Structures are given as structure tokens and as C-alpha cells.
Amino acid sequence: MLPMFALFRKAYRDVTQRRVRSLLTIGAIAIGVAGIVAIVSTAQNLTRAQADAYRHASQADITFWVWDAPPKTARALEDLPNVAAAELRNNYFTKCKWNGEYRDVYVWGLENFAAARINQIRLLDRAPKPGEFVAEVSVRALFPVQIGDAFACRARDGSTLTLTLAGFAQSPNYPSATILDWATVYANADDVAKLLDIRGANQALLKVRELAQARDTARDAARLLDRRGVSHGAATIRDPQNYLGKRELDALFVLLGVFSLVGLITSGFLVANTLAAMTAEQVGEIGIVKALGGTRAQVIAIFMIAALLYGIAGTILGTLLGALGSWRLLAYIGALLNLDIGFAIAYEGVALGAVVGIFVTLIGGLFPALSGTAIRVKDALEAYGITSTYGQGRVDRLAQKIVALPPLAAMSLRNLARRKARSLITLLVIAVAVAASLAAQSTSASVDTAIDGLFKTYHADAWAWFDQWVGTNFAGHLRAVEGVEAVEVWSFGDAWVGAARARLWGVPANTTMYVPRLIEGRWYRADENDAVVISTDLAQRRSDGTSLRVGDVIEIEIAETRRDFRVVGIVIDNSIFLGSAVAGKVFLNETLVERMQDRLGWATFFALRFDAHDPATVEKRLGELQTKFRQYQMGTDSAYREVRGAKEQTRILSLALYAMSLIIGAIGALGVLNTLTLNVLERRREIGVLRSIGAADTNLIQVFLTEGLALGLGGWVVGILIGYPLGQFLLNLMKSVLFQIDYIFSPQMIFASLLFALALATLASLIPALGAARLRVGQVLRYE
């Protein structure tokens, strides 16, 4: 019976004496642990930052578009029950000539920057004086800008107003300008009122005491505005459970979680590989331990202590790397969402990383430990390198029949069969790396294709809207402008489907600018007064866990009007992106929406199609429309910008996918490096024999490079079989938090994964191959 201290000392010596192998194994474990620590820490810090932003910036709970509301309106709204604060603002979306180029700019007007209680902004410099503005700080990433710049903005009446940049501000109310693709700026309310050509305000913001009663408060506010004769739109109510970018970040964390789990499992393979090699090298020592009275449990303890040391070292290093990764990820996400996110280690993440990292390592070391205890004392003491059973198995005999290849290449393939378990584990590690690469490619391509599909669904080139009601016959005036091929009156706003908030689209029954991708049912007809078409997102997100089907009856609330509708169709529509707090879309006949909103014959929103669809022509046509109808406050947006913005919003998902696939690839490379390094160490005598019969450096390099490439090719084949279902699995996870996405898996991805596998195997094989080439004859023949 050997003392525990002796067992620990032997395990410690085994780990520290094999520095290169131990570092590779510890590095692989650290990568998996780092992923878990980074994910949990990032999620918790981001959740805390969002909560702080909502609390400190006092985001509006209810928002109304109003027109020329007098200042006393805010006081009247504040007197309503459940209203904690009410403020009026001016906002105007326009084109401004900034540094010689026309830019899209959203101008917000505040009466008093210091006294603002709702949708507060943090001034990084001083407050703007009349004739000045401050820019949201992320605009500096969109185009060059500096204090003192002047821009000339188009006013509603066709004139221009010049304002000077006085400083910068930060606000969590909007994401980064690089995502929005426009600049957000803040000026004095009087300056923005000049742009609007009104004396009052065009936005009402309310902060409520009890958010659960916000819908009732919104109805009371709408009635008050009606009594005062203030024109207004439907209320937008904030959902505290759906903060800005929540869906995209949920998808990001799901992806990172899956890849971290894959990385940890792969690390477990490497631990098993390392300890299996240790077992093979120490057959004689195992025999000595048993001869001295060591029990089966003590032999297992030696290897499990070694695995535990690997796990502890990998967990400590992984925790440090995870903290660093979380810090950088938070900085990136904070820049996108305009949040100041302080970093703090999540102890839950550290604990989970430690438990999982050590547990996976111990599981990986258990099987080699058990195999080591099965060796008899006599066999262990008589063992010498490669077992005498080589050549007796089917794989061995098949490898010996390889004669079509050059001698060195054939020998390399036969060498892989000498350590079947080690070669198989390494092949599986490479297969996982290839599968991760394929899954990343297919998921990213599927998301991009889904966004590109918007062009197939929306045949409009642009949309135009007004901050006042115009007759539906205004479509004729728009259609008369040169270059405008078609115009349709649409409606756009929010509605409630039961307890779920949905995006309302009022689209003509005979529309030519919306081509629905129906997966069930049909589009509604003009003579139907109770028909509705819903999106797949809304159909799948019922509070009771069931899905809506064609034929179901749902209650829809628009403004203060509630009606029951029959679902006649379900469509795939993926055009809800970053910051959306709605559950999906509902499509109703435009005239039916007008009746429900008591505005028959009046409109504010139009869909446009032009004679050419390229971005330059679209922008030109929109500019001509704004010039012709300059007496109206016309806002515009283009379809190509919607798609470009959507791809920018999902860019973080693609970056995370490829980053994690590269990390898994690094673990795969460590596996190849580990295996070939062991092969070089075990075959030093053979290398000496090859040297003595005239083998050159290039011959030895070829042997081990061929072994690495063979493992890479084998891993690629298995990786394809794993990568396809893994990509589907990832896409299904993303669909559950994002939107309907069709799976894309192309031959180009398979070819790219082949290049990835070969590059991974080649680079990982170079170090042991060059190490073998440096060995000298006298050195290796004396090796014991």
C-alpha cells in the first residue's frame, strides 16, 4: 500500500516533466472554461447595465406622435392617474449637408437639457445654445466629425437651417449610429420647431408609476388628446422584458454556449489522449507500482490526480481568459448599444466553469486510468514500446496492404494504425473543428439569405410618411412624379393581439408591393371584413405555449377599438430586427385599418416603387419627392437601407460564429500537435534507424506531415457528417429567439471546410515534423 503523498508526487512529476504536452492540454481546457466564464459574465453585466440604463435614463413608458401640441399639454397629461412624468419633444428626420455630403440625420429638440426627466441624455461636453447641437457620440464611427462643424438641414418648408456642433452626448435610447445608419443629434426645441414649421411639439413622452397599467393609461392619454383637439397617433408602450437588442443578444449567448460546450467536450478528448499516451509510456512504471503493493485504486488515483491537475490549471487559466474575453465583448456590445457597461466577474460563471472544466477533465482521464489498471505486472515489466499485437487486427492488415502510395506516405498511414485509439480521438477532434466551421458557415449564410429574402417579399423600393394626415388620394400626386412607377397607401403601427404587442401592417388586398411567403392558408380578399394574416413569429409565441393556426379567431386591439378576426393565412416575414419589442406581425386590409382608426380616406404612410431599383436612383427619387412636397414634413426610408441595417445588426452573430469556430479549430490543431508530438517521442529509435540508412530532413518531415494530412482528411469526412446536423441544430436555436430562417448548406461550404481541415492539420503538423527532422542519429539511438 503506497502513501497518498507518493501517488500525488508521481502524478505531479508526470505532468510537469512533459511540459509541451501538458501546456497543450491545459490550453485546450482553458479555452472551454473561458467560453463559459465569458458568456455568464457578459450576460449578467449586460443585464445589469440595461437595468441601470432604464433606471437612470428614465426611458419613456408611453410615447405618442402628436402634431403641434401646445406646452400646456404636458401638464394636462401629467395630471392623469398613474402618470409620474410627462414631457413634450420635437423630432425631425431630414437630410443635412454635413462636411460637404448629405447625411441622414434625426434631430431631437429639448426645452431644457438639465431638467429632462424622460429619455435623458448624458452630455459629454456642454449643453447646446440656440443655433447649436450636440451629436450622439457614436456618430464619430459613421463619418469624420469634430466640434465646430456646421451642417445645413432641410426644413419642412424647403428652406435650410444651419446649426453648429457644440459637443457630444450619450444616450441608451438608440443603438450605435453604425447600426442605424443615420446620425442622432440633439438641439434646442425652438430650433427643431423651426425645421418643422410649427410652434408646438410633435412627440409626447409619459413615464408611469405602474407599468402593468400602462395600456389603460395610454387610453386615458389618447382621450385627453382628443378632447384638446391634438392630432395624435397610436401609443407605443415600452416592454421592460424586451430591451434594445435583446433577441440578437439572446441568440449570441446561445451560440457562444453551444460552442463553449463543444470546446469543453473536445478538451475532454485531448485529456483522454494525453493520459492514454502517459499510460502507454509508463507501462513499466505501472508494473513497478503494482509490484511494490500498489492497488488498482492507487493506480487509478495516479492518473486521476494528473487529470485533476490539468483541470485545475486549465480552469485557472480559462477563468483569466474568460474575464478578458468578457471585458472585450462587453466593450464591443456597449459601443453598439450606447451603454456604459462596467465589468465585474460573475461568480456563477466562475463556479460553473470550474465545475464543468474539472468534471470534463476527470471524465476524460477516467478511461485511460481504467485501462492502465488492467495491465498485469508480468506484461508491464516485459513491455517494450509497441505491442506485439500490431498487424493482427483488420485495420492493421488493411494498412499493410497500402502499396499504391510512395513508400514514405504508405508508412505514414500504417503508423497511424499503430495507435488506433490515439489516432481515432485526434480524428474526432478534427471532425468537431470541421463541423463547427461548417455550422458557422451555414448559419451565417442562412441568416444573410433570410435578410436578402426581404427583397423578394417587399417589392417596394422605399416608404414615405408624413407627420400629418393627408388624403388617400395623395397617392395620385406621388405617382405623378417622374420616375415613380407605383404607389400604395399602407398603414404602419402597433396593435395588441391578446396580451402580445404586434406590428400592424395595413396593406391593400390587391397589393403588388408585398408578395407574401405563405406557409399556410391564403392572403385576405378585399370583400372580407374579419380576415387577418399573421407572421410565423406571432403564430408561435402564444402565452399558453400553443401555436395559432389558420381558422383560429384572435382579438386585435388598434387604438381603442377591439375586434375579433379569423386567421386566414400565416406568412414568413423576417423584417423585425434590432430593438424590436413586438411578438410578430399582423396584416389587415388597409381600408379596414382606416375604419378601425376612424380615419377613412386619410393616410400618413405610402409604399413606393421607382423606375430603377439601385441605391443611387432610389436616393435620387426620394430627394426629388422631398423637394416637390417640401410644404409637408415627409420622412422616407429605403428598402436597401433596411436590408443593409439588418445585416449590420446580425454582424455580431456572424463574428461570434466564426470566432468560436476558430477557437474550436485551435483546439483541433492542439489535438494534432499533441498526437504527432507523442508519435515523434515514441518513435525516436525508428527515426534514428531511418537516419542511419540515409533518410534526409525532408523525408522525415514528409512522414509526419503525411500523418497530419491523413488525420485532417479523415476528420474532414467525419466533420461533414457531423456539421450538417450541427448547423441545423444551431439554426433551430436561433429561430427560437430570432425569426424564421431557411437552412442553407452549399458545396462551397464543404470545399471551404476541406481547406480549413488541411490548413489546420498542416500547420499543427509542422512543429513535430520539424522537431523530428532536427533529431540526430547518435542522440536518438541512445534514447531510452
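Because the structure is predicted, anything quoted here is derived from the model rather than measured.

Trainee: Account for the overall build of the chain, with residues named and values stated.
Mentor: Of regular secondary structure, the chain possesses 25 helices and 21 strands. Within the span of the chain, comprising 784 residues, buried residues form 57% of the whole. Long-range pairs, those at least 24 residues apart, make up 82% of the contacts in the chain between residues at least 6 apart in sequence. In the structure as shown, the chain presents an accessible area of about 33,200 Å², 60% of it carried by carbon and sulfur atoms.

Trainee: Would you mind going over the pattern of salt bridges in detail, with residue names and values included?
Mentor: According to the stated counting rule, one finds 23 salt bridges in the structure shown. Among the ionic pairs, Asp-191 bridges to Lys-194, the shortest N-O distance being 4.0 Å. With Asp-191 and Lys-194 both in helix α5 (residues 189–196) and three residues apart, the pair spans about one turn of that helix. Lys-194 gets classed as exposed once you look at its relative accessible area, which sits at 53%. Taken together, the salt bridges that share partners define one network made up of Arg-522, Arg-525, Asp-527, Glu-528, Asp-530 and Arg-566.

Trainee: Run through helix α6 (residues 214–227), naming residues and quoting values.
Mentor: With 14 residues, α6 extends 20 Å between its outermost C-alpha atoms, agreeing within 8% with the 20 Å of an ideal straight helix rising 1.5 Å per residue. Buried residues of α6: Ala-214, Thr-217, Ala-218, Arg-219, Ala-221, Ala-222, Leu-224 and Leu-225, and no others. At the C-terminal side of α6, Gly-229 shows a positive phi close to 75°.

Trainee: Can you lay out the packing of aromatic side chains for me, pointing to particular residues and giving the numbers?
Mentor: The geometry of an aromatic ring pair comes down to the distance between the two centres and the angle between the two planes. The full count for this structure, using the stated rule, is 28 aromatic pairs. Seen in terms of ring centroids, Trp-98 and Phe-151 are 5.0 Å apart; in terms of plane orientation they differ by 85°. Their pairing is edge-to-face. Note that Trp-98 is positioned in strand β2 (residues 83–98) and Phe-151 in strand β6 (residues 150–154), a separation of 53 residues in sequence. By the burial criterion, Trp-98 is buried, and Phe-151 matches it. Plain terms: the ring middles of Tyr-458 and Trp-463 are 6.0 Å apart, the flat faces sit at 75° to each other, and that makes the pair edge-to-face. Here Tyr-458 falls in the buried class, since its relative accessible area comes to 6%.

Trainee: Tell me what's going on with empty space enclosed by the protein, and back it up with residues and numbers.
Mentor: A probe as big as a water molecule, rolled over the atoms, marks out the empty space that is left. One pass over the full model with this rule turns up four cavities of 30 Å³ or more. Computed from the structure, the second largest cavity encloses a volume of approximately 50 Å³. Taken together, Phe-93, Thr-94, Lys-95, Asp-104, Glu-619, Leu-622, Gln-626, Thr-636, Asp-637, Ser-638 and Arg-641 make up the lining of the second largest cavity. Of all the secondary structure elements, the ones that give two or more residues to the lining of the second largest cavity are β2, α19 (615–628) and β21 (634–638). Grouping the amino acids of the lining of the second largest cavity by side-chain chemistry returns two nonpolar, four polar and five charged.

Trainee: Give a detailed account of unusual backbone geometry, specifying residues and quantitative values.
Mentor: The phi dihedral of Asp-197 falls on the positive side, at around 65°, and the residue is not glycine. Here Asp-197 shows up in the loop between α5 and β9 (201–208).

Trainee: Now, about the environment of Leu-755: what can you tell me, with residues and values included?
Mentor: Within the secondary structure, Leu-755 is located in helix α24 (residues 747–773). The spatial distance from the C-alpha of Leu-755 to the C-alpha of Trp-716 is 9.4 Å, given a sequence separation of 39 residues.

Trainee: An account of a nonpolar patch on the surface is needed here, citing residue identities and associated values.
Mentor: On the surface, Leu-308, Ile-312, Ile-316 and Leu-320 cluster together into a nonpolar patch covering about 360 Å² of accessible area. Within the fold, Leu-308 resides in helix α9 (residues 296–337). Of the residues examined, Leu-308 reaches a relative accessible area of 34% and is grouped as partly exposed.

Trainee: Lay out α19 in plain terms, naming residues and giving numbers.
Mentor: Here α19 is 14 residues long and its end C-alpha atoms lie 20 Å apart, about the 20 Å a rise of 1.5 Å per residue gives. Turning to α19, its buried residues number three or more, namely Thr-617, Val-618, Arg-621, Leu-622, Gly-623, Leu-625 and Gln-626.

Trainee: Describe the environment of Ala-34, and please don't skip the residues or the numbers.
Mentor: Along the chain, the position of Ala-34 falls in helix α2 (residues 19–57). Between the C-alpha atoms of Ala-34 and Val-350, which are 316 residues apart in sequence, the distance is 9.1 Å.

Trainee: Could you give me a rundown of the side chain of Thr-73, with the residues and numbers involved?
Mentor: Here Thr-73 is to be found in helix α3 (residues 72–78). With relative accessibility at 1%, the residue Thr-73 sits in the buried group. At 2.9 Å, the side chain of Thr-73 and the backbone oxygen of Pro-70 are in polar contact. Ignoring any residue separated from it by four or fewer positions in sequence, one finds Thr-73 in contact with Leu-88, Leu-225 and Val-230.

Trainee: With reference to specific residues and values, describe the nonpolar core.
Mentor: Counting residues in hydrophobic clusters, the biggest one holds 36 residues, and the most contacted among them are Ile-664 and Leu-730. Among the elements of the structure, α7 (246–281), α14 (420–452), α21 (651–682), α23 (697–737) and α24 are those that each provide at least two residues to this core. For this core, the element with the highest residue contribution is α14, accounting for twelve residues. With residues near it in sequence (within four places) discarded, Leu-730 still touches Leu-255, Val-258, Phe-259, Ala-439, Thr-443 and Leu-657. With 26 residues, the next largest nonpolar core counts Ala-135, Phe-151, Phe-168 and Leu-196 among its residues.

Trainee: Residues and numbers for the confidence of the model for the chain, please.
Mentor: A residue-level look at the chain finds 74% of positions with pLDDT of 70 or above and a mean pLDDT of 78. Confidence, read as mean pLDDT per element, is least for helix α12 (residues 394–400) in the chain (53) and greatest for α3 (93). Segment residues 384–390 is flagged for pLDDT under 50; beyond a separation of four residues in sequence, or across chains, it makes ten contacts in the model.

Trainee: For the environment of Ile-31, give the residues involved together with the corresponding values.
Mentor: Locating Ile-31 in the fold gives a position in helix α2. Residues Ile-31 and Leu-321, spaced 290 residues apart in sequence, show a C-alpha to C-alpha distance of 7.8 Å.

Trainee: Explain the pairing of strand β18 (residues 561–571) residue by residue, including any values.
Mentor: Pairing of strand β15 (residues 518–521) with β18 involves three bridges; the strand directions are antiparallel. Bridged to Leu-518 within β18 is Val-571. Judged from the five bridges that link them, strand β16 (residues 531–535) and β18 form a sheet pairing that is parallel. Among the inter-strand pairings, Val-532 is bridged to a residue of β18, identified as Val-567. Two elements, strand β17 (residues 553–558) and β18, share six bridges in a ladder whose sense is antiparallel.

Trainee: Outline the side chain of Thr-217, supporting the account with residue identities and numerical values.
Mentor: Locating Thr-217 in the fold gives a position in helix α6. Other than its neighbours up to four places away in sequence, Thr-217 contacts Ile-62, Pro-81, Asn-82, Val-83 and Val-208.

Trainee: I'd like to hear about the pairing of strand β5 (residues 132–136), residue by residue, with values.
Mentor: When you tally the buried positions in β5, you get five out of five residues, the bulk of the element. Inspection of the sheet shows β5 paired to strand β7 (residues 160–170) by five bridges, in the parallel sense. Considered in β7, the bridge of Ala-135 is made with Phe-168. Looking at chain direction, β5 and strand β8 (residues 183–188) are connected through three bridges and run antiparallel. Opposite Val-134, over in β8, you have Tyr-186 as the bridge partner.

The rules behind the values
Residues numbered from 1 in each chain as written. Predicted model: local features only at pLDDT ≥ 70, side-chain atom pairs only at ≥ 80, totals over all residues. Heavy atoms only, no water. Helix = DSSP H or I, 4+ residues; strand = E, 2+ residues; numbered from the N terminus. Buried < 20%, exposed > 50% of the residue type's maximum accessible area, 1.4 Å probe, protein only. Contact = heavy atoms within 4.5 Å. Areas by Shrake-Rupley, 256 points an atom, 1.4 Å probe, with all protein chains shown as cover. Salt bridge = Lys/Arg side-chain N within 4 Å of Asp/Glu carboxyl O. Expected span 1.5 Å × (residues − 1). Phe/Tyr/Trp six-rings, centres within 6.5 Å; stacked < 30°, edge-to-face > 60°. 1 Å grid on protein atoms, 1.4 Å probe; cavity = no way out; pocket = protein on both sides within 12 Å on 5 of 7 lines; lining within 4 Å. Points joined across faces, edges and corners; volume = space filled by probe spheres on them. Nonpolar A, V, L, I, M, F, W, Y, C, P; charged D, E, K, R; others polar. Patch = residues over 30% accessible without salt bridge, like charges linked within 9 Å, V, L, I, M, F, W, Y side chains within 5 Å. Polar contact = N/O pair within 3.5 Å; in protein donor to acceptor, adjacent residues only side chain to side chain. Core = buried A, V, L, I, M, F, W, Y, C linked by side-chain atoms within 4.5 Å. pLDDT = per-residue confidence, 0-100. Pairing = 2+ DSSP bridges.

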